[in-house]
Amino acid sequence: MTDIDNRIRSALDEDDHAFLASLDSDRGMFRQLGDSMHGPLGGWAKFSFAIAVVIGLALTYAFYRALTYDSLEALVGWGLTGVALLVMQGFLKEWMFARMNMLTVLAEVKRLQLQVALLEQDRD
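Okay, so let's go over this structure. By convention here, each chain's residues receive numbers from 1 onward along its written sequence. In keeping with the predicted nature of the model, local features appear solely for residues at pLDDT of at least 70, side-chain atom pairs appear and are counted solely at 80 or more, and the whole-chain, interface and lining totals rest on all residues. Water and hydrogen atoms play no part in the side-chain values, which are based on all heavy atoms of the structure.

## Re the nonpolar core
Turning to step 1, where the next piece is worked out: Definition of nonpolar core: a set of buried residues of the types Ala, Val, Leu, Ile, Met, Phe, Trp, Tyr and Cys, connected through side-chain atoms within 4.5 Å. To sort residues, take the accessible area from a 1.4 Å probe on protein chains only and compare it with the maximum for the residue type: under 20% means buried, over 50% means exposed, and anything in between is partly exposed. If you look at the biggest cluster of nonpolar residues, it comprises 6 residues: Ala 52, Ile 55, Leu 59, Ala 62, Leu 85 and Leu 92.
Turning to step 2, where the next piece is worked out: Counting residues per element, the ones that place at least two in this core are α4 (42-67) and α5 (72-123).
Turning to step 3, where the next piece is worked out: Under the scheme used here, helices are H or I runs from DSSP no shorter than 4 residues and strands are E runs no shorter than 2 residues, and both carry numbers assigned from the N terminus. A total of 4 residues in this core trace back to one element, the largest contributor, which is α4.
Turning to step 4, where the next piece is worked out: Contacts are assigned to residue pairs with any non-hydrogen atoms lying within 4.5 Å of each other. Ignoring sequence-local partners within four residues, the contact set of Ala 62 consists of Trp 78, Thr 81, Gly 82 and Leu 85.

## Digging into the packing of α4 against α5
The angle between the axes and the distance between the axes are what describe a pair of packed helices.
Turning to step 1, where the next piece is worked out: Axis angles are defined between N-to-C directions and span 0 to 180 degrees, where every axis is a line fitted to C-alpha atoms and, for a helix, only to the segment in contact. At a closest axis distance of 9 Å, the pairing of α4 and α5 adopts a crossing angle of 155°. Between α4 and α5, the crossing angle belongs to the class labelled roughly antiparallel. The way α4 lies across α5 gives a crossing that is left-handed. For this classification, under 35 degrees means roughly parallel, over 145 means roughly antiparallel, 65 to 115 means roughly perpendicular, and everything else is oblique. Crossing handedness is defined as follows: a turn of the near helix away from the far one that is anticlockwise and smaller than a right angle gives a left-handed crossing, while the clockwise case is right-handed.

## Structural notes on a nonpolar patch on the surface
Turning to step 1, where the next piece is worked out: Patch membership is restricted to residues that have no salt bridge and whose relative accessible area is over 30%. Joining uses 9 Å for like charges and 5 Å for the nonpolar side chains Val, Leu, Ile, Met, Phe, Trp and Tyr. In short, Shrake-Rupley with a 1.4 Å probe defines the accessible areas, and a residue's cover is counted only from the protein chains shown. Every case where a carboxyl oxygen of Asp or Glu lies within 4 Å of a side-chain nitrogen of Lys or Arg is listed as a salt bridge. Among the surface-exposed residues, Leu 41, Trp 44, Phe 47, Ile 51 and Trp 95 lie close enough to one another that they form a single nonpolar patch of about 500 Å² accessible area.
Turning to step 2, where the next piece is worked out: Ranked by the residues each element gives to the nonpolar patch, the list is headed by α4, at 3 residues.
Turning to step 3, where the next piece is worked out: Within the secondary structure, Trp 44 is located in helix α4.

Structure representation (structure tokens):
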């Protein structure tokens, strides 16, 4: 831990201490995924996760039906359905990972904001 980190911690209140403590821990993918379920867009994140599960189940069924086809038309239909569901699943995952990345960037911006405020305070 650097000197600036110690100075930041001494100038903060309890809420800021708790926020920075959550930043310092090594946040894995599942922790970040859980963190994205909170906040202003938490409801949408939960909804998109539920939709992703439904799409995943439908995707599994579509590929199963494509493998057990009766005619060429059924194979093409279930194959195209599977591809469309796969694209939808990809877009949902991309949105979720972009949200996780945004929350990580916002946390770092908050940390930098505190550091700049402390440096400005020292200059005065």
